Amino acid sequence: MFGTTSKKQQGKKIMASSSSAITNICVLVGLGIAGILLMTRKLKKVIKEDFGAFVVRLQLLPPPPPAPPKAPHPLSGLTFAVSDIFDIDGYVTGFGNPEWEKTHEPASRTAPVVSSAVEGGATCVGKTVVDELAYSINGDNKHYGEPTNPVAPTRISGGSSSGSAVAVAANLVDFSLGIDAIGGVRVPAAFCGVLGFRPSYGALSNMGTIPVSPSLDTVGWFARDPGMLRRVGHVLLQLSYADTRSPRNIVIADDCFELLKIPVNRIAQVVIKSSEKLFGKQVLKHANLDDYLGSKVPSLKQFNERSKNGEVKTSSLGSLANAMLLLQRHEFKYNHGEWINSTKSVLDSSITRQLQELGEATDAKVDNCQLVWNETRSALHSLLKGVSFQDDGILVIPTVADLPPKAGAKEAVLEDYQRRASSLLSIATMSGCCQVSIPLGLHEKCPVSVSFVARHGADRFLLDTVQTMYATLQEQADIAVKSGSSNSVLSQEESAEIAKEKGNNSFKDKQWQKAIGFYTEAIKLNGKNAAYYSNRAAAYLELGSYLQAEADCTKAISLDKKHVKSYLRRGTAREMLGFYKEAVEDFGYALVLEPTNKRASLSADRLRKLFL
């Protein structure tokens, strides 16, 4: 009896246990299906909402195409979108804020730049998301959400023209328009892996757009390929077609690349290799832009930040960024402060905090911003424009220093991140120069880019340069990605070449000690290059350090027995040290290697007559 009951109880327990297990499995399966359904719904939502890029869909149709044999409209068959900061007749310009939309009437006319694109044959299909009041460079909007970055969905899309960049990156339109004051086109272009063009200040009319900072606001545009970028630019800027011009000077701003939070070779070397392949090494120059601006823009001193003991703690680029942000915030507050106060609109906390910190900017401080703007334009004009009109130059800088931050992360609002970004973005903003952000593939699954800057008014030249260099840039970017484990070896040699070029520039500027420092750096990176030792010897000779010069030349000759300059420089060093016989021998060796070398011939003859 006892045994029978026990078996029954055990059977019930087993059945209960099995039932529980089945229930658990069903729950897990149900949760799994629910999760799949939820993800499917989210995916459908993203597709339905076009990656969250648009706030309103519409259609502005172009005029009918002209009858043959006349050529079709230049933008015929293309579609485009505009940031919700451009007026379109019959629609309220939302400015990224529902309260703004409620308190403003529909526009009575369409912004001229939008009309130009439509009259050029393109169809406008909608308005896209901007940061709240187009204020930030992050791309987040608490009212309309953050558009999904099509290239890196877990990363922010950048602002202020986030939706316009996303629409192009997601292939929803052929091109799009945005506004760039402190980076509104350049940042989202960099983060979404598309081309973004900020033209020269004043090159396009801002009429029919809501002002953010009128002294800085510039209409810009996005495209996926350089042909489209150039095609749109020719229509908007009303450029007639002319022969393409190539740059004669490509200036690498080495100190700007030191701000990068990714390997510098991933970007700088791509440009260097591309330039050498297309134009030769002679076009390449290296500059320390911070030092250059510090010497050419004296008004920047007004925007230095100082430590408690009075020492300057900001770089020239940092001071330039300070001037840019002061001007942007002052003009934003001047234009929209009354509306903010009257509607008591609850804005994003970062906008409110920055406007409170601004206080009352003095007229003198704002006037100094304009002085900085004028001096910076003049400085970059001198750097980039040669003696003749044809000698246009390109300044190469990173578009941004960081990979796009993760969506929802605090990184995007951190002071260091904002400081690095503003330092780079202020260069074109505070000079009125034109700038283009060019994608260079991915690093750690995130888009990376480089920027070309040309002098104010050289928009056609900049568009031509992008068209000329784009394919080679992408080719070199692919090589950089695929090089894999060999990167460390390559980067040391390439870094040594960069250090040598810095030394050469310092030598030309008669900064002998600085040149020695750069040549020493090159030697540490690659101690098997005779030219590095020989160049350092030349700098030592200028300083009267003859023993060091002789030692460097001897090392150079041991590495390359046909290095003529090393024999000449060692001969000079030995002559100054009183070793006349040995000096004559060195000049003699140089003549054997290079019989027409006048310096060697004259030096050898002179020493023989005087001392031998």
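Residues numbered from 1 in each chain as written. Predicted model: local features only at pLDDT ≥ 70, side-chain atom pairs only at ≥ 80, totals over all residues. Heavy atoms only, no water.

Engineer: Help me understand the sheet that holds strand 2 (residues 79-83), please; the structure alone is not making it clear to me.
Structural biologist: Hydrogen bonds between backbone atoms are what pair the strands of a sheet, whose relative direction is either parallel or antiparallel. Pairing within the open sheet is mixed, and its eleven strands lie in the order 1-3-2-4-6-5-10-11-9-7-8. Only two strands of the sheet have a single neighbouring strand rather than two, namely strand 1 (54-60) and strand 8 (284-287). Taking each pair of neighbouring strands and ignoring which way they run, the sheet shows an average axis angle of 25°. When strand 4 (residues 175-180) meets strand 6 (residues 218-223), the two strands line up antiparallel, connected through six bridges. Paired with Phe 175 across the two strands is Ala 223, which belongs to strand 6. Lying on the sheet, helix 13 (residues 415-429) is in contact with strand 5 (195-198), strand 9 (393-397) and strand 10 (434-443); it crosses strand 9 at an angle near 160°. (Pairing = 2+ DSSP bridges. Helix = DSSP H or I, 4+ residues; strand = E, 2+ residues; numbered from the N terminus. Axes fitted to C-alpha atoms, helices over the stretch in contact; angles between N-to-C directions. Contact = heavy atoms within 4.5 Å.)

Engineer: Is there a simple way to explain the UniProt feature "repeat: TPR" (unreviewed entry) in the chain in this structure?
Structural biologist: Under the UniProt annotation, "repeat: TPR" (unreviewed entry) lies at residues 564-597. Each end of residues 564-597 is marked by a C-alpha atom, and these two atoms are 9 Å apart; helix forms 82% of the span and strand 0%. (UniProt positions renumbered as here; feature names shortened; annotations may be inferred.)

Engineer: I would appreciate a short explanation of the nonpolar core in the present structure.
Structural biologist: Nonpolar side chains in soluble globular proteins tend to end up buried together. Counting residues in hydrophobic clusters, the biggest one holds 79 residues, and the most contacted among them are Phe 80, Phe 86, Phe 175, Leu 177, Trp 221 and Phe 452. Broken down by element, this core gets its largest block of residues, nine residues, from helix 14 (residues 459-482). In terms of nonpolar packing, the next biggest core, distinct from the first, is built from 46 residues, Phe 191, Leu 216, Cys 369 and Met 430 among them. (Core = buried A, V, L, I, M, F, W, Y, C linked by side-chain atoms within 4.5 Å. Buried < 20%, exposed > 50% of the residue type's maximum accessible area, 1.4 Å probe, protein only.)

Engineer: Would you mind going over unusual backbone geometry with me for this structure?
Structural biologist: Residues apart from glycine generally show negative phi values, whereas peptide bonds are mostly found in trans. Pro 69 follows Pro 68 through a cis peptide bond whose omega is 10°. With respect to the secondary-structure elements, Pro 69 resides in the loop between strand 1 and strand 2. Cis rather than trans, the peptide bond between Gly 159 and Ser 160 has omega equal to 5°. In this fold, Ser 160 is placed in the loop between strand 3 (123-128) and helix 4 (162-169). Of note in this structure, Gln 238 is not a glycine but carries a positive phi near 55°. A relative accessible area of 68% means that Gln 238 is categorised as exposed. Even without being glycine, Lys 510 reaches a positive phi, approximately 65°. Its place among the elements puts Lys 510 in the loop between helix 15 (487-508) and helix 16 (512-525).

Engineer: For this particular structure, what's the right way to read helix 9 (residues 289-296)?
Structural biologist: Two residues of an α-helix separated by three or four positions point the same way, owing to the 3.6 residues in each turn. Looking only at helix 9, the buried set comprises Leu 289, Asp 290, Tyr 292 and Leu 293. Looking straight down helix 9, one finds its buried side chains confined to an arc of 160°; they lie on one side. A side-chain oxygen of the first residue of helix 9 lies 3.2 Å from the backbone nitrogen of Asp 290; this N-cap is Asn 288. (Arc of directions from axis to C-beta. Polar contact = N/O pair within 3.5 Å; in protein donor to acceptor, adjacent residues only side chain to side chain.)

Engineer: Would you explain the side chain of Ser 83 in this entry?
Structural biologist: Summarising the element assignment, Ser 83 is placed in strand 2. Residue Ser 83 is classed as buried on the basis of its relative accessible area, which comes to 0%.

Engineer: I would appreciate a short explanation of the environment of Thr 572 in the present structure.
Structural biologist: Within the element layout of this structure, Thr 572 appears in helix 19 (residues 564-577). Given a relative accessible area of 21%, Thr 572 falls into the partly exposed group.

Engineer: Honestly, the pairing of strand 5 in this entry has me stumped. Any pointers?
Structural biologist: In regular strands, side chains alternate between the two faces of the sheet. Here strand 5 shows two buried faces, one formed by Leu 195 and Phe 197 and the other by Gly 196 and Arg 198. By the bridge criterion, three bridges tie strand 5 to strand 6 in an arrangement that is antiparallel. In the sheet register, Leu 195 faces strand 6, and the bridge partner there is Ala 223. Alignment of strand 5 against strand 10, held across three bridges, turns out to be antiparallel. In the strand pairing of strand 10, Gly 196 is matched with Ser 437.

Engineer: Can you help me understand the packing of helix 9 against helix 10 (residues 316-343) in this one?
Structural biologist: Axis angle and axis distance: for two packed helices, these are the angle between their axes and the distance between the axes, and together they describe the pair. Remark: helix 9 packs on helix 10, axes separated minimally by 8 Å, with the N-to-C direction vectors making an angle of 65°. With respect to helix 10, the element helix 9 is oriented roughly perpendicular. Contacts between helix 9 and helix 10 involve Leu 289, Asp 290, Leu 293 and Gly 294 from the former and Ser 316, Leu 317 and Leu 320 from the latter. Among the residues making up the contact of helix 9 with helix 10, the classes are represented as four nonpolar, two polar and one charged. (Parallel < 35°, antiparallel > 145°, perpendicular 65-115°, else oblique. Nonpolar A, V, L, I, M, F, W, Y, C, P; charged D, E, K, R; others polar.)

Engineer: Looking at this structure, how should I read the packing of helix 10 against helix 13?
Structural biologist: As a packed pair, helix 10 and helix 13 sit with axes 8 Å apart at the nearest point and diverge in direction by 70°. The angle between helix 10 and helix 13 places the two elements in the roughly perpendicular class. The handedness of the crossing between helix 10 and helix 13 is left-handed. Of the residues in helix 13, those touching helix 10 at Leu 317, Gly 318, Leu 320, Ala 321, Met 324 and Leu 325 are Ser 422, Ser 423, Leu 425, Ser 426, Ile 427 and Thr 429. Considered class by class, the residues forming the contact of helix 10 with helix 13 number seven nonpolar, five polar and no charged. (Left-handed = near helix turned anticlockwise from the far one by under 90°.)

Engineer: Which parts of the structure should I look at to understand helix 10?
Structural biologist: Across its 28 residues, helix 10 extends 39 Å between first and last C-alpha, which sits within 8% of the 40 Å expected from 1.5 Å per residue. Along its length, helix 10 reaches its greatest deviation from straightness, about 55°, at His 336. (Expected span 1.5 Å × (residues − 1). Bend = angle between axes of the 7 residues up to and from the residue.)

Engineer: Teacher, can you tell me more about the packing of aromatic side chains here?
Structural biologist: Two descriptors summarise a pair of aromatic rings, namely the distance from one centre to the other and the angle between the planes of the rings. Within the structure shown, the criterion is met by eight aromatic pairs. Measuring from centroid to centroid gives 5.5 Å for Tyr 567 and Tyr 589, while their planes differ by 40°, and the two rings are tilted. Of this pair, Tyr 567 sits in helix 19 while Tyr 589 sits in helix 20 (residues 580-593), placing them 22 residues apart in sequence. By relative accessible area, Tyr 589 is classed as partly exposed at 47%. Above the face of the Phe 54 ring, Arg 57 is positioned so that its terminal group lies 3.9 Å from the ring centre. (Phe/Tyr/Trp six-rings, centres within 6.5 Å; stacked < 30°, edge-to-face > 60°. Lys NZ or Arg CZ within 6 Å of the ring centre and 35° of its normal.)

Engineer: Any chance you could explain the pairing of strand 3 here in plain terms?
Structural biologist: Counting buried positions along strand 3 gives six out of six residues, so the element sits mostly inside the fold. As paired elements, strand 1 and strand 3 share four bridges and run antiparallel to each other. Within the sheet, the bridge partner assigned to Val 56 lies in strand 3 and is Lys 127. Pairing of strand 2 with strand 3 involves five bridges; the strand directions are parallel. Pairing of Ser 83 across the sheet is with Thr 128, part of strand 3.

Engineer: Looking at this model, I keep getting lost on the environment of Pro 150. Mind explaining?
Structural biologist: Along the chain, Pro 150 falls in the loop between strand 3 and helix 4. Residues Pro 150 and Phe 191, spaced 41 residues apart in sequence, show a C-alpha to C-alpha distance of 9.9 Å. Residues contacting Pro 150, with those up to four places away along its chain left out, are Phe 51, Val 166, Ala 169 and Ala 170.

Engineer: So what exactly am I meant to see when it comes to the pattern of salt bridges here?
Structural biologist: A side chain with one charge can pair with a side chain of the opposite charge if their charged atoms come near. One pass over the structure, following the stated rule, counts 21 salt bridges. Between Asp 552 and Arg 536 there is a salt bridge, and its shortest N-O distance comes to 2.7 Å. On the criterion of sequence distance, the pair formed by Asp 552 in helix 18 (residues 546-559) and Arg 536 in helix 17 (residues 530-543) is long-range, its members being 16 residues apart. Shared partners join several salt bridges into a network, and the residues in it are Glu 550, Arg 570, Arg 574 and Asp 586. (Salt bridge = Lys/Arg side-chain N within 4 Å of Asp/Glu carboxyl O.)

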